[in-house]
Amino acid sequence: MNFRNLNSVRCLFSSVLVRHIWNKPKAMPYIAVRRVEGQGRIQMTLSFSLNEKPVRTFNFDRSCDETVGATLQRISANVQKRFMKKTKKKKAKESDDASAVAAEVADENYDAELFCGGEKVDDVTLNGDAWGNGSKLCIAGKEFDVTVNIPTIKSIEFPSSLMSGFPVFPKLETEFIDKWATQFIWYKGCQSSNETSQEDTSAQATTSEGKEGQTSCPITWTKVGEGSSYTPSNEDIGSNLKIEATPIVDGRSGESVEIISKETIDAGPGFCPFENRHLYTKKVADDDSFRVISYNILADVYADSDFSRDNLYPYCPPYALAIDYRRQLLIKETLGYNADIICLQEVDRKVFNHELKPVMESANLDGLLLLKGGETPEGCAIFFRKSKFRLLGEHNISVTEALQMAPENETLWGKVLSVEPLCERVLKRNTSLQVLMLESTVQPGKTICIATTHLYFHPTANHIRLIQGAVCLYHLETVVAQYRQKGHNPAVVFCGDLNSTPSNGLIHFLNEKHIAAKDPKWFPSDSPREEDCGGQDLSHTFDFKSACGTPDFTNYTGGFQDCLDYVFIDKSKLDVTQVVPLPSLEEVTQYVALPNVVFPSDHLALVCDVQWKKDPSEQRSE
């Protein structure tokens, strides 16, 4: 069933409404000063009216090193010029004596002065030192409070797709205020019938024009919520949404902004299987543990092509492959896990900047993106809960560059370099490893080295993934050693889309700490013989365990089904307390394979709760 076609009650209003944004008119008994450290300039906005004349807005851009006296002269001159011009025209109509008119107008005093603490600011004071909160600008007998860096909404817009049952977050850009400190009021709008009471004070009516310039029924706006997001219900299908947003910080409010969605709300797909998984994650994990997600979310660059639609995912309706649709499922699914650490692969740069990061920030999660090398516009992203962790450092690498340059890889690189076909294939890879060192804010002294990657996908490249995995682990050993020298004792979590099934050499290496040069897993029968470098004895020091085990599948498409995704934890320091069950085979294949109308990716999210092991001294004290 094509759920997008269920929206048969779309308002006429939506077909002609264009997205728009405006500032509400507001009296401004202040002069707004914008001053950003390091820019060397200040911008000022003054709204001014004199003797019942219309309000005029004046904008000034001055150097911080200019004297305040020079700036005040410019303010006086601009205001005087604007109002003298209007006054002259008016008085000239009433008198034939032009000289008398000019003299009368010139008598009006437009001198500007700046006061701080009741004392006049010396004219030789520099702008950078003169304009501060609490100061007052006086001009033509009027006083204006100086307000520096007023909270501002620079832009706000709705996502291009809205669905019932899925939270809507506005795309927001602000200045001098945390985005989600903004006050939001949400309204839904429906066409009013002729019988609608004109005395309904809980709603606001708006009239729009039809395609032929004819006026349609007015839109009645009904308040439906407050906060950074709104989740439409089935009753909202066919309605538009409106937001009134006001930036407020430390008791100071900026100009309110109002925006109306261009699109109306569509019907959603109904219940999604990941909602069953949310039953296990209704609350954030306790302070002595943390919840981890590893999830390949299917980059739009790989889904939005004719090849993907016709060959990779022909069973998935094109609308369900579109990022505007999948993004809504991804956000609802990911937020519903209430995770403390979220590791994502195949993250598009635009999706991260405009969708994921703002939404995660609203849930108190900070995040960083690491793109792959070259021109690839996607990569890995790690988010962490700010109330549980603080960032100690980033230690990302390009795997190929580290293979060639890091001292710990000298022998392995020599092996690769000795076989030209292997070297050529390895050097074409732009795989990256994202590494964050996090310190617990609720468990003193506890640190986590969290790392995620997306290894080379090709089915005949098990040997290359083993090389890439070794480079990742050697780098993690180096990072952990550096922090041990600083007095930390990090636990390691290594996760991602490793593109390796449980029988592959890399998974054996991770679990067993060692793989011999002559182990047949180094070069399985399907590996190109011309790329065989003879292998190398590889070892690492981590005591790893696959926290979520080895499910039958974490990737399920029409042409492939197997376990490719893992969350490896240091079992000497960490225990698994919960693994959130994966969807059943019946749920995954309800629409043939992944992705589909209820699954946003061709991979499944791995979700588990992990707890720090107690020190022996702590156990004895109990």
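Residues numbered from 1 in each chain as written. Predicted model: local features only at pLDDT ≥ 70, side-chain atom pairs only at ≥ 80, totals over all residues. Heavy atoms only, no water.

**Describing the overall build of the protein**
Put simply, the rule reads: In DSSP terms, a helix is any run of H or I states spanning at least four residues, a strand is any run of E spanning at least two, and both are numbered starting from the N terminus. A 1.4 Å probe rolled over the protein chains alone gives each residue an accessible area, and that area as a share of the maximum for its type sets the label: buried under 20%, exposed over 50%, partly exposed in between. Residue contacts are counted whenever heavy atoms from the two residues lie within 4.5 Å of one another. Residue burial considers only the protein chains on display, and all accessible areas are found by Shrake-Rupley using a 1.4 Å probe.
When its secondary structure is counted, the protein shows 17 helices and 34 strands. Looking at the protein as a whole, 51% of its 622 residues qualify as buried. Within the protein, contacts between residues at least 6 apart in sequence are counted, and of these 72% link residues at least 24 apart. For the protein, the accessible area works out to roughly 28300 Å², and carbon and sulfur atoms hold 47% of it.

**As for helix H14 (residues 462-485)**
As a reminder of what qualifies: Expected span of a helix, by definition, is 1.5 Å for each gap between consecutive residues, and there is one gap fewer than residues.
With 24 residues, H14 should cover 34 Å at 1.5 Å per step; its first-to-last C-alpha distance of 35 Å lies within 8% of that length. The buried fraction of H14 amounts to 18 of the 24 residues, a majority that puts the element mostly inside the structure. After H14 finishes, the residue Gly-487 shows a positive phi value of roughly 100 degrees.

**Focus: the nonpolar core**
So the rule is basically this: Buried residues of nine kinds, namely Ala, Val, Leu, Ile, Met, Phe, Trp, Tyr and Cys, make up a nonpolar core once their side-chain atoms join them within 4.5 Å.
Judged by nonpolar contacts, the single largest core of 48 residues is most densely connected at Leu-433, Leu-476, Phe-494, Leu-498, Leu-510 and Leu-538. Top element by residues in this core is H14. It accounts for twelve residues. Discounting chain neighbours no more than four positions away, the residues touching Leu-510 are Leu-473, Phe-494, Leu-498, His-540, Phe-544 and Phe-568.

**Here we look at the confidence of the model for the protein**
This is how it is decided: Confidence scores per residue from the predictor, reported as pLDDT, run from 0 to 100.
For the protein, per-residue confidence averages 88 on the pLDDT scale, and 86% of positions sit at 70 or higher. Scored below 50 in pLDDT, residues 1-28 makes 78 contacts in the model with residues more than four places away or belonging to other chains. Predicted confidence for residues 195-203 stays below pLDDT 50, and this span has seven contacts to residues more than four positions away or in other chains.

**Brief notes about the pattern of salt bridges**
Defined as follows: We define a salt bridge as a contact between a side-chain nitrogen of Lys or Arg and a carboxyl oxygen of Asp or Glu at a distance within 4 Å.
The final tally for this structure, using the stated rule, is 28 salt bridges. Between Lys-428 and Glu-424 there is a salt bridge, with its nearest N and O atoms 3.8 Å apart. Here Lys-428 falls in the exposed class, since its relative accessible area comes to 57%. For Glu-424, a relative accessible area of 46% gives the class partly exposed. Connected through salt bridges with shared partners, the residues Lys-171, Asp-324, Arg-327 and Glu-355 form a single ionic network.

**Section: the side chain of Arg-385**
Inclusion rule: Between N or O atoms, a polar contact is any pair within 3.5 Å; within protein, one atom must be a potential hydrogen donor and the other a potential acceptor, and residues adjacent in sequence are included only when both atoms are from side chains.
Relative to the assigned elements, Arg-385 resides in strand S21 (residues 378-385). Here Ala-363 takes part through its backbone oxygen, which lies 3.4 Å from a polar atom of the side chain of Arg-385. The contacts of Arg-385, once residues within four sequence positions are left out, are Val-284, Asn-338, Ala-339, Asp-340, Ala-363, Asn-364 and Leu-365.

**Regarding helix H15 (residues 505-512)**
Looking only at H15, the buried set comprises Gly-505, Leu-506, Ile-507, Phe-509 and Leu-510. Taken from the residues just after H15, Lys-513 is the one with a positive phi, measuring 75 degrees.

**Side note on the sheet that holds strand S18 (residues 289-296)**
Keep this limit in mind: A pair of strands is considered paired only if DSSP assigns at least 2 bridges between the two. Comment: axis = line fitted to C-alpha atoms, over the contacting stretch for helices; angle = value between 0 and 180 degrees taken between N-to-C directions.
If you trace the six strands from one edge of the open sheet to the other, you get S20-S21-S19-S18-S34-S33, paired in mixed fashion. For this open sheet the edge positions go to strand S20 (365-371) and strand S33 (574-579), each flanked by a neighbour on one side alone. Ignoring which end each strand starts from, the neighbouring axes of this sheet average 25 degrees apart. Sheet topology note: the S18/strand S19 (residues 341-348) ladder contains five bridges and is parallel. Residue Val-292 lies in a different strand from S19, and its bridge partner there is Ile-341.

**Overview of the packing of H14 against H15**
Going by this rule: To sort the angles, those under 35 degrees are grouped as roughly parallel, those over 145 as roughly antiparallel, those from 65 to 115 as roughly perpendicular, and the leftovers as oblique. The handedness criterion is simple: a crossing whose near helix is rotated anticlockwise from the far helix by less than a right angle is left-handed, and one whose near helix is rotated clockwise is right-handed. Residue type decides the class: Asp, Glu, Lys and Arg count as charged, Ala, Val, Leu, Ile, Met, Phe, Trp, Tyr, Cys and Pro as nonpolar, and the leftover types, Gly among them, as polar.
Here H14 crosses H15 at 30 degrees, and the two axes come no closer than 8 Å. Overall, the two elements H14 and H15 adopt an arrangement that is roughly parallel. H15 is crossed by H14, and the crossing has right-handed handedness. Contacts from Arg-465, Leu-466, Gly-469, Ala-470 and Leu-473 of H14 reach H15 at Gly-505, Leu-506, Phe-509 and Leu-510. A breakdown of the residues in the contact of H14 with H15 according to their chemical character gives six nonpolar, two polar and one charged.

**With respect to the packing of aromatic side chains**
Note the cut-off: We call Phe, Tyr and Trp rings a pair once their centres come within 6.5 Å, taking the six-membered ring for Trp, and we label the pair stacked below 30 degrees between planes, edge-to-face above 60, and tilted otherwise. By definition, being over a ring means that NZ of Lys or CZ of Arg is both within 6 Å of the ring centre and within 35 degrees of the ring normal.
A complete count under the given rule lists 17 aromatic pairs for this structure. Relative to Phe-184, the ring of Trp-180 lies with its centre 5.9 Å away and its plane at 40 degrees, an arrangement referred to as tilted. Residue Phe-184 is classed as buried on the basis of its relative accessible area, which comes to 2%. Taken together, the ring pairs connect Phe-494, Phe-542, Phe-544, Tyr-566 and Phe-568 into an aromatic cluster. Just above the ring of Phe-166 sits the side chain of Lys-332; from NZ or CZ to the centre is 4.6 Å. Here Arg-429 stacks its cationic end above the ring of Tyr-456, 3.9 Å away from the centre of that ring.

**Some thoughts on the sheet that holds strand S4 (residues 56-63)**
Pairing is mixed in the open sheet, where seven strands are placed in the order S4-S3-S2-S8-S7-S5-S6. Each edge of the sheet is formed by a strand with only one pairing partner; in this case those strands are S4 and strand S6 (119-120). Both strand S5 (residues 112-116) and strand S7 (residues 136-139) contribute to a ladder of four bridges, which runs antiparallel. Looking across to S7, one finds that Glu-113 is bridged to Cys-138.

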